[in-house]
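# Summary of the model geometry
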Amino acid sequence: MAVPGAAARRLLALAPARSSRAFWSASWAGADPAAPSASSTSPDSNSSRKKKAPSGSGHHRLATVMDAVNERKLPPELRGRGNAVRSETDIVNVVEQRIWHSMEEGHFENLPGKGKPLNLASNPHADPAEDTLYRILSRNGCAPEWVELNKEIRGMIMGWRSALRKAWANRSEDDDSNWNDDCRVLREQIRQINDKVFRYNLIVPFGRQMFGLNWDKEVDKLK
């Protein structure tokens, strides 16, 4: 909207007076007139202050939520213990206590299928893909590779220990030549067995690993 000429002249006349009053009032208060006042703070400065706010509160809230979620996963007997150590043993103890209480109350007396053979056609705790593969192998009279390798290793260990006992019984204190020859053969065989054990441990499911043979320990058993 256009400003009339008289009104414009009044504004121009008042502007110097207002600026001079602002200068003297600022100098009287001991402040720098060129410095921005608190009321004239720009939005950029406010946003920078917000950005500089510590971010620890967000991490604290996230940690609180995670603690609450983990707390709900625990059995009621272990909740609300603060910073107490919660180990797998604590959970196992709670499960055993519940089983014993259920047994005392007779909850296991009239279960469905009582007195009947278990259906072992499928394993509910196994991976569905692996369970299907094992059933196909079983129907065709085959077994997984690690099962066959386990049988082979156990047979080799039994034969090797039998040969070690025989060589130990035939050794002579006067002539160690035969014993030394048998030791070389047995050490080569134990190396082959341990190689198969290493391969077996690479393909076997977790928790079914096997230890190899140790020459010194096997000989100490015969002494």
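Higher on the page you've got the structure.
Bear in mind that the values here come from a model prediction, so they are computed numbers and not experimental data.

Along the backbone of the chain there are eight helices and zero strands. Counting from the amino terminus, helix and strand elements in the chain follow one another as α-α-α-α-α-α-α-α. Relative to its 223 residues, the chain shows a buried fraction of 13%. Contacts spanning at least 24 positions in sequence make up 47% of the contacts within the chain whose residues lie at least 6 apart. About 18500 Å² of surface is accessible on the chain, with carbon and sulfur atoms providing 56% of the total.

Interhelical geometry of helix α6 (residues 145–170) versus helix α7 (residues 177–203) gives an angle of 165° and a closest axis separation of 10 Å. Classed by the angle they form, the pair α6 and α7 counts as roughly antiparallel. Crossing handedness for the pair α6 and α7: left-handed. Here the residues of the contact of α6 with α7 are counted per class, giving 17 nonpolar, two polar and five charged.

Another point: the packing of aromatic side chains. When we look at a pair of aromatic rings, we describe it by the centre distance and by the angle of the planes. Summed over all chains, the structure comprises two aromatic pairs. Ring plane angle 70° and centroid distance 6.1 Å describe the contact between tryptophan 160 and tryptophan 215, whose orientation is recorded as edge-to-face. One end of the pair, tryptophan 160, is in helix α6; the other, tryptophan 215, is in helix α8 (residues 215–222), with 55 residues separating them in the sequence. Residues tryptophan 160 and tryptophan 215 agree in their burial class; the two are buried. Plain terms: the ring middles of tryptophan 168 and tryptophan 179 are 5.5 Å apart, the flat faces sit at 75° to each other, and that makes the pair edge-to-face. Within this pair, whereas tryptophan 168 is found in helix α6, its partner tryptophan 179 is found in helix α7, the two being separated by 11 residues in sequence. For arginine 171, the ring lying beneath its charged end belongs to tryptophan 168, and the centroid distance is 3.8 Å.

The subject of this paragraph is a negative patch on the surface. Among the surface-exposed residues, Glu173, Asp174, Asp175 and Asp176 lie close enough to one another that they form a single negatively charged patch. Assignment of secondary structure puts glutamate 173 in the loop between α6 and α7. What makes glutamate 173 exposed here is its relative accessible area of 71%.

The biggest cluster of nonpolar side chains holds 19 residues, and the ones touching the most others in it are Ile153, Trp160, Tyr200 and Trp215. Elements supplying a minimum of two residues to this core: α6, α7 and α8. Excluding residues within four positions of it along the chain, tyrosine 200 makes contact with Trp146, Leu149, Asn150, Ile153, Arg208, Gln209 and Met210.

Another aspect to go through is the packing of α6 against α8. Running from amino to carboxyl end, α6 crosses α8 at an angle of 55°, the nearest separation of the two axes being 11 Å. One finds that α6 runs oblique with respect to α8. Of the two elements, α6 crosses α8, and the hand of that crossing is right-handed. For the pair α6 and α8, the contacting residues are Trp160, Arg161, Leu164, Arg165 and Trp168 in the first and Trp215, Glu218, Val219, Lys221 and Leu222 in the second. Here the residues of the contact of α6 with α8 sort into six nonpolar, no polar and four charged.

Residues of α8 that are buried include every one of Trp215, Glu218 and Val219, and no others. Here the buried residues of α8 occupy an arc of 95° about the axis, which is enough to place them on one side. Those residues of α8 that are exposed and angled more than 90 degrees off the buried face are Asp216, Lys217 and Lys221. If you check the start of α8, you find a side-chain oxygen 3.1 Å away from the backbone N of aspartate 216, and it comes from asparagine 214.

What counts as what
Residues numbered from 1 in each chain as written. Predicted model: local features only at pLDDT ≥ 70, side-chain atom pairs only at ≥ 80, totals over all residues. Heavy atoms only, no water. Helix = DSSP H or I, 4+ residues; strand = E, 2+ residues; numbered from the N terminus. Buried < 20%, exposed > 50% of the residue type's maximum accessible area, 1.4 Å probe, protein only. Contact = heavy atoms within 4.5 Å. Areas by Shrake-Rupley, 256 points an atom, 1.4 Å probe, with all protein chains shown as cover. Axes fitted to C-alpha atoms, helices over the stretch in contact; angles between N-to-C directions. Parallel < 35°, antiparallel > 145°, perpendicular 65-115°, else oblique. Left-handed = near helix turned anticlockwise from the far one by under 90°. Nonpolar A, V, L, I, M, F, W, Y, C, P; charged D, E, K, R; others polar. Phe/Tyr/Trp six-rings, centres within 6.5 Å; stacked < 30°, edge-to-face > 60°. Lys NZ or Arg CZ within 6 Å of the ring centre and 35° of its normal. Patch = residues over 30% accessible without salt bridge, like charges linked within 9 Å, V, L, I, M, F, W, Y side chains within 5 Å. Salt bridge = Lys/Arg side-chain N within 4 Å of Asp/Glu carboxyl O. Lys, Arg positive; Asp, Glu negative; His and termini not counted. Charge placed at Lys NZ, Arg CZ, Asp CG, Glu CD. Core = buried A, V, L, I, M, F, W, Y, C linked by side-chain atoms within 4.5 Å. Arc of directions from axis to C-beta. Polar contact = N/O pair within 3.5 Å; in protein donor to acceptor, adjacent residues only side chain to side chain.

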